[in-house]
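Residue-level structural notes
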Amino acid sequence: MLQFLLPASGLLYISRLDEHMRFSLHHYLIAGALLSGAVMAHAQSRPAVVELFTSQGCSSCPPADTYIGELAQRRDVLALSFHVDYWDDQGWRDRFGLPEAVQRQREYAKILRLPSVYTPQVVIDGRDNFVGNDRASIGRALTGTRGGVAVALSVHDGDVLVDLGEQQPDWAARQKGAPSDVLLVAYLRTAVSSIGRGENAGRTLKEFNIVRGFRSLGRWSGQKQQYRSRVDSFPPDATDVAVLVQPVRQAPIIGAATIALR
């Protein structure tokens with residue numbers, strides 16, 4: 001509006017200045033885009049890893065199981081249900097319960113300085129702890145993108161191949177030279193269970209991304225490396241496999257990927 005109050009020369013000056021500013025801004029935007037591309041070329045986005053510790057014997061767990069099913073539909077989330085077995089003496093034996101799940105949850109309790117283990121519990125990226133049915137807090141924690149090491153999965157001639165790229169200098173500095181465990185998680189995409197006894201007696205539970213096998217493929221120290229595992233070594237009901245790259249002593253997760261087996 002002010003330009004209509006200026007003489008013709010003033011209008012010309014503003015016009016030329018505006019043209020110069022547009023020219024400069026255009027070049028700054030190009031430079032910024034190139035710089036952003038250079039940064040992204042050295043980063044690998046990864047899904048958020050959501051680990052639910054749950055049990056068929058826990059009456060508070062079904063809403064958390066349902067939420068995991070919803071999160072499993074998101075491409076930016078790797079949701080996994082670890083069924084613990086310490087509820088089994090309450091009247092119902094969880095057919096998916098794993099001692100490895102209890103061991104992993106107890107280690108998180110020590111790392112996160114929790115007074116005890118509990119269900120339903122959600123741990124995100126090995127870093128943040130939530131009550132498993134607290135949708136609002138979990139949802140907020142899942143916003144934004146996550147960087148990490150490059151993890152590529154493929155299935156070839158009955159083997160699952162895991163290829164890890166070379167760790168970038170900035171990531172190596174963050175880990176302070178600590179190696180990482182390469183963890184293989186075989187899981188069942190969905191299951192329906194009729195519960196006969198215990199706190200959920202008479203209910204039919206639908207469960208999602210149920211961990212059926214969990215083991216280490218070895219250590220990774222930041223160099224380009226390949227690991228492999230036979231598909232026939234997984235539990236027969238496993239439909240998918242995930243790989244987590246997690247610095248030793250269950251530090252925050254730095255890499256994750258998943259692939260369907262069938």
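Placed above this text is the structure.
Fair warning: this is a prediction, and the values are worked out from it, not measured in the lab.

Along an α-helix, a turn takes 3.6 residues, which lines up residues three or four apart on a common side. Here helix 3 (residues 99–111) spans 19 Å end to end across 13 residues, near enough to the 18 Å set by a 1.5 Å rise per residue. Of the residues making up helix 3, those classed as buried are A101, V102, R104, Q105, Y108 and A109. Projected down its long axis, helix 3 shows its buried positions confined to an angular sector of 165 degrees, all on one face. For helix 3, the exposed residues set more than 90 degrees away from the buried face come down to P99, Q103, R106 and K110. Structurally, helix 3 contributes buried residues whose contacts are with strand 2 (48–54), strand 3 (77–83), strand 4 (121–124), strand 9 (180–194), strand 10 (204–220) and strand 12 (240–247). Downstream of helix 3 by a residue or two, R113 has a phi angle that is positive, lying close to 60 degrees.

In this section: the environment of G147. Positionally, G147 belongs in strand 6 (residues 146–148). Overall, G147 belongs to the partly exposed group, its relative accessible area being 32%. Sequence separation between G147 and A48 is 99 residues, and the spatial gap between their C-alpha atoms is 9.6 Å.

Our focus in this paragraph is the layout of surface pockets. The calculated volume of the largest pocket comes to roughly 370 Å³. Lining the largest pocket are 19 residues; nearest its centre among them are A72, R74, V77, Y187 and T258. Taken together, the elements giving at least two residues each to the lining of the largest pocket come down to strand 3, strand 9, strand 10 and strand 13 (255–260). When grouped by side-chain class, the residues that make up the lining of the largest pocket number 9 nonpolar, 4 polar and 6 charged. In this structure, the second largest pocket occupies an estimated 240 Å³ of space. Taken together, 13 residues make up the lining of the second largest pocket; nearest its centre are R104, D181, L183, F214 and Q250.

Time to look at the sheet that holds strand 7 (residues 151–156). Read from one edge of the open sheet, 3 strands run 7-8-11, paired in antiparallel fashion. Looking at the sheet topology across the chains shown, the edges are occupied by strand 7 and strand 11 (225–230). Across this sheet, the average inter-strand angle for adjacent strands is 20 degrees, counted without regard to direction. Where strand 7 lies against strand 8 (residues 159–164), 6 bridges are found, and the strand directions are antiparallel. Considered in strand 8, the bridge of L153 is made with V162.

You can see I210 is positioned in strand 10. Through-space distance from the C-alpha of I210 to that of A79 is 9.2 Å; in sequence the pair is 131 residues apart.

This brings us to helix 2 (residues 62–71). Most of helix 2 sits out of view: 7 of its 10 residues are buried. The elements touched by buried residues of helix 2 are strand 2, strand 3, helix 4 (135–141) and strand 10.

Here is what the cut-offs are and how they apply
- Residues numbered from 1 in each chain as written.
- Predicted model: local features only at pLDDT ≥ 70, side-chain atom pairs only at ≥ 80, totals over all residues.
- Heavy atoms only, no water.
- Helix = DSSP H or I, 4+ residues; strand = E, 2+ residues; numbered from the N terminus.
- Expected span 1.5 Å × (residues − 1).
- Buried < 20%, exposed > 50% of the residue type's maximum accessible area, 1.4 Å probe, protein only.
- Arc of directions from axis to C-beta.
- Contact = heavy atoms within 4.5 Å.
- 1 Å grid on protein atoms, 1.4 Å probe; cavity = no way out; pocket = protein on both sides within 12 Å on 5 of 7 lines; lining within 4 Å.
- Points joined across faces, edges and corners; volume = space filled by probe spheres on them.
- Nonpolar A, V, L, I, M, F, W, Y, C, P; charged D, E, K, R; others polar.
- Pairing = 2+ DSSP bridges.
- Axes fitted to C-alpha atoms, helices over the stretch in contact; angles between N-to-C directions.

Honestly, that's just the spatial picture; any functional story needs more than this.
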